[in-house]
Each structure stands twice: as C-alpha cells, then as structure tokens.
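Letter by letter, the chains look like this.
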Amino acid sequence: MSSAQMEIIIGWLYPKLMSTYGDRGNVITIERRAQWRDYDVTVLPLDQNSTANDIKSVDVIVGGGAQDRQQEIVMRDLQGAKADAMREKIENGTPGVFTCGSPQLLGNYYEPAFGKRIEGLGILDLVSIHPGENTKRCIGNLVIEVTASRLAQELEAMTGTKPYLVGFENHGGRTKLGKVEALGRVVYGLGNNGEDGTEGAFYQNAIATYSHGPLLPKNPFVADWLIQTALRLKYQQEIKLSPLDDTLAMQGREAMFKRLKVSR
Ligand code: GLN
C-alpha cells in the first residue's frame, strides 16, 4: 500500500475547551508532517457532540491543556461509553500526546485550587494537586531527557542521538506518579512537581507532558514517532517515513540548549 492510500485520523480532544498556550500547534504539526509525506489526514474534534464510536475511529489522539473550570466541564462529558472508548484506545496502544490539563484528566484525580476534586479516567496512575492560589505556578522553559525506556530507544533509533525535548510549562497543579513510568527527567525547569525531577508520563503509546503545544514543532521527531506508530498499528505493516528538512527546528533547539546552558 502506498502512502497516498493511507489515512491518518487525528482525534483532537475538546478543541474549544482544551487548547491553551498553543496546544493546537501539536495538531497542526502532526497534520502537516503526515500530509508532506502524502498521507491523507483528517482532524476529528472529539467533544460534547462526539460519540464513543468517534473516539474509537481515531488513529492518534491529541489533548491540550485547560483551565481548572474547563477541565471540570470536560470531565462531566467524558463519562460512560466515551470514557470506556478512551480507556480502550490507550490500552490498545493508540499513540497520543496529552499536555498539562489532559494528563491530569487521564490520571486518577485532579484537585483544583478551588472547588471539588475532579475524578479522572484512571488510565495513568498519577494524581495532581493544585496547592492553592498562593503557591507559585510552574512557569518557564523546560528541557527533559526522555527516560521512558521503549520510547527513548525508539526515538534514539529514529534520530541517532539521545532524545532531549525542549518545551515550555505553565501549570499550577503538581503531579505525583504512581506506578506509571515518567516520560523523562528534568534537565531544566520544574516538570511534574518541582521536587522529584520527573516530567510527564509514558503509558502504552501515550505521551503525557507538562510541555505545551510547541512540543511537537520544537521536537518534530516526536511527531514522526506518533505518525509512524499510528500507521504501523492501523495498517499492521512496517512504515518508514521519508525525511523532511528540519534544519530550522533543529537550529531552534540548539539555540535553546545554548541559552539555557544545557549540556547533553
Ligand atoms: N489547570 C491545570 C493546572 O493549572 C492545567 C493548566 C494547563 O493546562 N495549562 O495545573
């Protein structure tokens, strides 16, 4: 089967409620990088108007950040058959990138600064707690080394170098991991909680991170990993993506490593 006959459906979680700090950039990056290789791409919003079958139909899932109030609205909708469909997708290895508010919702629960605890889907074994309005938010540039072992190996095989991700975080909630593997270790910034040096989580093929929507534009090889993983799973065949010219993105990364004095 040639790439022109293959299609990738990107499921975008609650675009109107969950897309803070440029998280839409993650959707655009996957879309464009797949199109540039001649794959057909459909972006399917997954929101209050969607059904469980819509969720089941997607090949890759993107979830952005949200304010506490929006997270509450989303969780009121993501119940029953829709919650089961999300669980099934992630358990069965559908790749995804979930930023900030999204991992909080995929976790066991999120306690906002005000109001009641928001129960999560319990897919990722983690809890997030906002310590209150008087506590400083975690804001700023972020650099992590991917330590989730299978992902680190696969990214290294794609790029030939140890996988470092450049990002930007802005969150009040602090996340503590249970049995789930961390996505990486913090090299610069605060990550999950500013204390234990962990950042994000990796489960099956779901990447959870506090790094916002420039994550994929800044680290395009992660977008390629998502596309490749999605197509392998869907078409059950080896997929080799043709290379793209990422010179500018790579220069941007180098500039950030230099500015933040990160040695690799
Ligand atoms: N409401 C969450 C927090 O402050 C998520 C914020 C976000 O997605 N930017 O931790």
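Residues numbered from 1 in each chain as written. Predicted model: local features only at pLDDT ≥ 70, side-chain atom pairs only at ≥ 80, totals over all residues. Heavy atoms only, no water.

Looking at the environment of Gly140
- Checked against the element boundaries, Gly140 lands in strand 8 (residues 138–146).
- Excluding its chain neighbours within four sequence positions, the residues that come into contact with Gly140 are Gly167, Phe168 and Glu169. (Helix = DSSP H or I, 4+ residues; strand = E, 2+ residues; numbered from the N terminus. Contact = heavy atoms within 4.5 Å.)

Details of the site of the ligand
- Near the ligand you find 16 residues, and of these Asp68, Gln71, Cys100, Gly172 and Gly173 are the closest.
- Within the side chain of Gln104, a nitrogen or oxygen atom sits 2.9 Å from an oxygen atom of the ligand.
- The fraction of the free accessible surface of the ligand (300 Å²) that becomes covered by protein chains is 99%.
- For the shell around the ligand, the secondary structure elements donating two or more residues are helix 3 (68–77), helix 5 (101–106) and strand 9 (164–171).
- Along the lines of polarity and charge, the residues of the shell around the ligand split into four nonpolar, 10 polar and two charged. (Near = heavy atom within 4 Å. Polar contact = N/O pair within 3.5 Å; in protein donor to acceptor, adjacent residues only side chain to side chain. Areas by Shrake-Rupley, 256 points an atom, 1.4 Å probe, with all protein chains shown as cover. Nonpolar A, V, L, I, M, F, W, Y, C, P; charged D, E, K, R; others polar.)

Considerations on the packing of aromatic side chains
- This structure, assessed with the given rule, holds two aromatic pairs.
- Above the plane of the ring of Tyr109 lies Arg117, whose end atom (NZ or CZ) is 3.5 Å from the centre. (Phe/Tyr/Trp six-rings, centres within 6.5 Å; stacked < 30°, edge-to-face > 60°. Lys NZ or Arg CZ within 6 Å of the ring centre and 35° of its normal.)

Thoughts on the side chain of His130
- Following the sequence through the fold, His130 ends up in the loop between strand 7 (126–129) and strand 8.
- A relative accessible area of 8% means that His130 is categorised as buried.
- Setting aside anything within four residues of it in sequence, one finds His130 in contact with Asp68, Tyr110, Glu111, Pro112, Ala113, Arg137, Gly172 and Gly173. (Buried < 20%, exposed > 50% of the residue type's maximum accessible area, 1.4 Å probe, protein only.)

Let's talk about the UniProt feature "active site" (unreviewed entry) in the chain
- With numbering aligned to this structure, UniProt lists the feature "active site" (unreviewed entry) at Cys100 and His212. Taken together, the annotated residues stretch across 113 residues yet fold into one region, lying no more than 7.1 Å apart by C-alpha. From the set just named, the residues that line the largest cavity comprise Cys100.
- Here Cys100 lies in the loop between strand 4 (96–99) and helix 5.
- Look at Cys100 and you get buried, because its relative accessible area is 7%.
- Other than its neighbours up to four places away in sequence, Cys100 contacts Gly65, Asn170, His171, Thr209, Tyr210 and His212.
- Locating His212 in the fold gives a position in the loop between strand 14 (206–209) and helix 7 (215–218).
- Once residues lying within four places of it in the same chain are set aside, the contact partners of His212 are Thr20, Tyr21, Asp23, Gly65, Thr99, Cys100, Phe168, Glu169 and Asn170. (UniProt positions renumbered as here; feature names shortened; annotations may be inferred. 1 Å grid on protein atoms, 1.4 Å probe; cavity = no way out; pocket = protein on both sides within 12 Å on 5 of 7 lines; lining within 4 Å.)

Overview of the sheet that holds strand 14
- Pairing is mixed in the open sheet, where six strands are placed in the order 2-1-3-4-14-13. Every other strand in the sheet has two partners, leaving strand 2 (40–46) and strand 13 (201–203) as the edge strands with one partner each. In this sheet, neighbouring strand axes are inclined to one another by 15 degrees on average, regardless of whether the strands run parallel or antiparallel.
- As paired strands, strand 4 and strand 14 are joined by four bridges and run parallel to one another. Considered in strand 14, the bridge of Thr99 is made with Thr209. (Pairing = 2+ DSSP bridges. Axes fitted to C-alpha atoms, helices over the stretch in contact; angles between N-to-C directions.)

Brief notes about the side chain of Asn170
- The topology assignment puts Asn170 in strand 9.
- In this structure the side chain of Asn170 is engaged in a polar contact, spanning 3.0 Å, whose partner is the side chain of Arg137.
- Ignoring any residue separated from it by four or fewer positions in sequence, one finds Asn170 in contact with Tyr21, Cys100, Arg137, Cys138, Ile139, Tyr210 and His212.

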